[in-house]
Each structure stands twice: as structure tokens, then as C-alpha cells.
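Understanding the architecture of this molecule
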Amino acid sequence: MNDRRVVVTGIGALTPIGNNLKTYWESLVAGKSGAGPITHFDASNFKTRFACEVKDFDVTEFIHKKEARKLDKFSQYAMVVAEEAIQDSEIDPSYIKPERAGVIWGSGIGGMETFYKESVGFGTGSGTPRFNPFFIPKLISDIPAGHISIKYNFKGPNFTTVSACASSTNALIDAYNYIRLNKADLFIAGGSEACIFEPGIGGFNAMMALSTRNDDPEKASRPFDKNRDGFVMGEGGGAIILEEYQHAKQRGAKIYAEIVGGGLTADAHHITAPHPEGLGAKNVMKQAIEESGSDIKKVDYINVHGTSTPLGDIAETKAIVDLFGKHAYSLNISSTKSMTGHLLGAAGVVESIATIMAVKNNIIPPTINHETNDPQIDPKLNLTLNKFQKRNVEYAISNTFGFGGHNASVLFKKHRE
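Here's what I pulled together on the structure shown here.

Criteria and thresholds
- Residues numbered from 1 in each chain as written.
- Predicted model: local features only at pLDDT ≥ 70, side-chain atom pairs only at ≥ 80, totals over all residues.
- Heavy atoms only, no water.
- Helix = DSSP H or I, 4+ residues; strand = E, 2+ residues; numbered from the N terminus.
- Rg over C-alpha atoms; globule rule 2.2 N^0.38 Å.
- Contact = heavy atoms within 4.5 Å.
- Salt bridge = Lys/Arg side-chain N within 4 Å of Asp/Glu carboxyl O.
- Buried < 20%, exposed > 50% of the residue type's maximum accessible area, 1.4 Å probe, protein only.
- Phe/Tyr/Trp six-rings, centres within 6.5 Å; stacked < 30°, edge-to-face > 60°.
- Lys NZ or Arg CZ within 6 Å of the ring centre and 35° of its normal.
- Core = buried A, V, L, I, M, F, W, Y, C linked by side-chain atoms within 4.5 Å.

**Observations concerning the overall build of the chain**
Per the secondary structure count, the chain includes 13 helices and 14 strands. Taken over the C-alpha trace, the chain has a radius of gyration of 20 Å; the compact-globule value for 417 residues is 22 Å, and the two agree within 12%. Taken along its principal axes, the extent of the C-alpha atoms in the chain is 65 × 55 × 40 Å. Taking all contacts inside the chain whose residues are at least 6 apart in sequence as the whole, residues at least 24 apart take part in 80%.

Below, the structure written as C-alpha cells:
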């Protein structure tokens, strides 16, 4: 099993700071914030009136209007990023054995907007049960994986992972393991989310999870800053082509990076709060590194979960210091959520893409909006504050954690022949 290496050969991204991979990466390096006033609905009566929305996106540029109406927005995002990843991989469909190609997709919430609008429409009507015939197929979380497999004739493993904000990282790890187990040669893996509408904002407001910095939204997502007051909702999606190395090599594919380890743990502590000492986070990074056969001292960069919540940022930095010891101070650490906001179930793949690009380009994207040090966060950590940094990146980790205590960590390595 371990002789089957897994590499990244294609990427697609649709984010609040860029509607394709190139623009997304350039915006990350530039330290661009994707936050602004909500335009998807009238949020004037909500505690939080801003978010990180996808901008200048017209689905009909990618999908026929008639077909787009059959898809919830989270599925539209999935189809767009999957197509970009396929095109980026430059793979000839005739080269693929359909039974050896699969799709694993992650979404923490799925088609909540469809559920909300259909339910409200029914509730304010005559009471006659006249739901859209696409109501169920639009809202179920697994439907993007189904649509993607149909479009590309991928007949291998096909399913959706749901582990809240860790969902799309789970999808990547599952795809990685299926390839190593010789169940497939290629996967489209990733995730998408679209929850910037009334129940999404209202629900997280009720939990007191969102920032309410309405007077300065661009600076609201501020991981590690003493004055952080919650996360900023984001939306979008990402797709990664994971491919068995020999399969990729034989077709002359370009390779961004190699995926060499994945960790999965549970805090078993609280449904929404992390373990205060970051024990689950520590163990999940340790698992990923041990699976790779590498050493903690070889890790150069960690793209942290870093949501800008009071408890989460402290716990994760404690986990890093506890696991890495003195090497923690040699690492670069950053939270790209400071720019994209929190994409919920799509966060893991979008941040894995940032991590892969850091490995490929030897550039660490910054943690923006930092003004005041938090005395509960170790001041010796290099949090890559406010400006990107250049360094050689051989190994890099992407962390994602979800409500329910789910932890997922994936380790990428610079590709060598």
C-alpha cells in the first residue's frame, strides 16, 4: 500500500478573494481581505451585517441557466471548481479508466438555502404541499459528488464527507487513502459551501460565534489578535485532483506537491468548543507526520484552522508548541481565514490549496489584520503577521477542526522524482 504515492495534479478555486486559482493565490500573497457588507440578502436587522462573499460570479458563464436552476449554490460552486481542476490537470478523458476514477466531496451543511426558501415559501402560501421537484436533489449534501461523477463519467468511489468544518479535509484524506489502497488511480476531491443568507448568519449569531465588527468588516477576521471577537462567514469551494504518482508520471502531468500523511482525531470534549489544551489538535498533527514517516523538525509551515475565535486560536497554538517543542519557533504559521473568512465545510480544501501553493512557490501567505498581541498566545511563534514571507517549504500541514470535536490534518511535501 505504501508504495503507491499520491500527488496533486490539478486545482480549482472559487473564493471570496479570487474566482480561480491564479487570482486566489495572488490575493493571498497580497494580503487581500474578502470581507464586506452582505449583498445576498437584507442583513440590516442582523447582529452581523458583513461576510466574505464570492464576488462577480455569474453561474451562467459556466453552466446553462436551465441547468443552474436545478442546483443549489453550493453545488454550482462545486461544478465550477471541479471543471477548473480538470482543465488544470490537462488530463485526456480517454486516458482515464472510469472505474478507477472517483469523487469525494465535503460539505458541512449542504443545500440549506434551498431548504430555507422552499420551507418559507410553503409556510407563507396556501398550505398546499407544492414543493419544487428538485427540492430534495438540490439540498442533499452528497449531490455535488453525484453531479461531478456524471459529468466526467467517473465510476469509482463516490460519496460525501460531513464533519462540519473538517468536511473537505476529510474528503482529501479519504481520497488519498483510497488511492493508496489501490481502489482508484484518480480522484476529484474537495468541498463547497454557500451559507451567507438568513439562517446561516442568524444561526451563528445566536451562538455568538460571528464577529460583529460591522463598522470595519475588512479587519474583522483577525486570528491571534487580542481583540478578535469571532469568525467571519465565507463561501465558495475548492477542488483538487489527487492522482497516483505512476499514473500521473506516465501521462506527463505537472505535479504541484505530494500528499504524504493524514490525521483524524476527536476532541471528545464539547460540541462546539475545542479542548482548552488543544489535545485533539496535537494528536491529529502527530498522526499525519507519523504516517508520512517524516519528522516534526522537517515541517516548515502550518496553515492553521485559526478561525479568529477567542478559544480556538489559543488552543491550536498550545497544541503546536506542545507537539513541536523548540521547533515550533522555527515554523511559519498563518491563518488564511484572515483573508477568506471561514468557508465552513469548504475551508479545509481551500486552505489546503493555499498550503500546496506555499510548498510549490516557497511563499508563506500572511495572517492579516493583526494589531495587538494576545498574552495567552506564545509571543515567540512566527504567525507570519500582515505580510507574506519567503522561505523554502519542504513539508507543510493544513489543519481543519469542526463542531463536534472533529479534527483533520493533512501533510503535503514538495515533489521530488
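**Notes on the side chain of glutamate 113**
With respect to the helices, strands and loops of the structure, glutamate 113 is situated in helix α4 (residues 112-123). Here glutamate 113 is in contact with Asp72, Lys73 and Phe197, once residues within four sequence places are set aside.

**Some thoughts on the pattern of salt bridges**
Considering all chains together, one arrives at 19 salt bridges under this definition. Notably, a salt bridge pairs aspartate 185 with arginine 4, separated by 3.2 Å at the nearest N-O pair. Of this pair, aspartate 185 sits in the loop between α7 (167-180) and β6 (186-193) while arginine 4 sits in the segment before β1 (6-14), and the two are 181 residues apart along the sequence. Both residues of the pair, aspartate 185 and arginine 4, belong to the buried class. Among the charged side chains, a network of salt bridges with common partners joins Arg4, Arg100 and Asp185.

**Regarding unusual backbone geometry**
One non-glycine residue, asparagine 182, lies in positive phi territory at about 65°. Within the secondary structure, asparagine 182 is located in the loop between α7 and β6. Backbone geometry at serine 308 places phi at a positive 80°, although glycine is not the residue there. One can find serine 308 in the loop between β9 (299-303) and α11 (310-324).

**Notes on the packing of aromatic side chains**
To describe a pair of aromatic rings, one takes the distance between the centres and the angle between the planes. Taken as a whole and assessed by the stated rule, the structure comprises 11 aromatic pairs. Between phenylalanine 57 and tyrosine 77 the ring centres are 5.4 Å apart and the planes differ by 75°, which places this aromatic pair in the edge-to-face class. Of this pair, phenylalanine 57 sits in the loop between β3 (50-51) and α2 (65-68) while tyrosine 77 sits in helix α3 (residues 73-89), placing them 20 residues apart in sequence. Ring geometry for phenylalanine 131 against phenylalanine 135: centres 5.1 Å apart, planes inclined by 20°, an arrangement best described as stacked. Judged by its relative accessible area of 34%, phenylalanine 131 is partly exposed. Here phenylalanine 135 falls in the buried class, since its relative accessible area comes to 11%. Among the aromatic residues, those joined into a cluster by ring pairs are Phe57, Phe62 and Tyr77. Its guanidinium or amino end placed over the ring of tyrosine 245, arginine 5 lies 4.3 Å from that ring's centre, counting from NZ or CZ. Over the ring of phenylalanine 388 we find lysine 387, and its NZ or CZ is 4.2 Å from the ring centre.

**Quick notes on the environment of leucine 323**
Relative to the elements of secondary structure, leucine 323 occurs in helix α11. For leucine 323 and isoleucine 296, which are 27 residues apart along the polypeptide, the C-alpha to C-alpha distance reads 8.3 Å.

**Observations regarding the nonpolar core**
Val8, Ile11, Tyr24, Ile240, Leu242, Ile353 and Ile356 are the most contacted members of the largest nonpolar core, which has 47 residues in total. Ranked by residues supplied to this core, first place goes to helix α13 (residues 347-361) with nine residues. In this view, tyrosine 24 contacts Ala13, Thr15, Ile17, Gly18, Thr340, Val350, Glu351, Ile353 and Ala354; residues no more than four positions away in its chain are not counted. Within the second largest apolar cluster, 29 residues are counted, among which are Ala101, Tyr152, Phe154 and Ala239.

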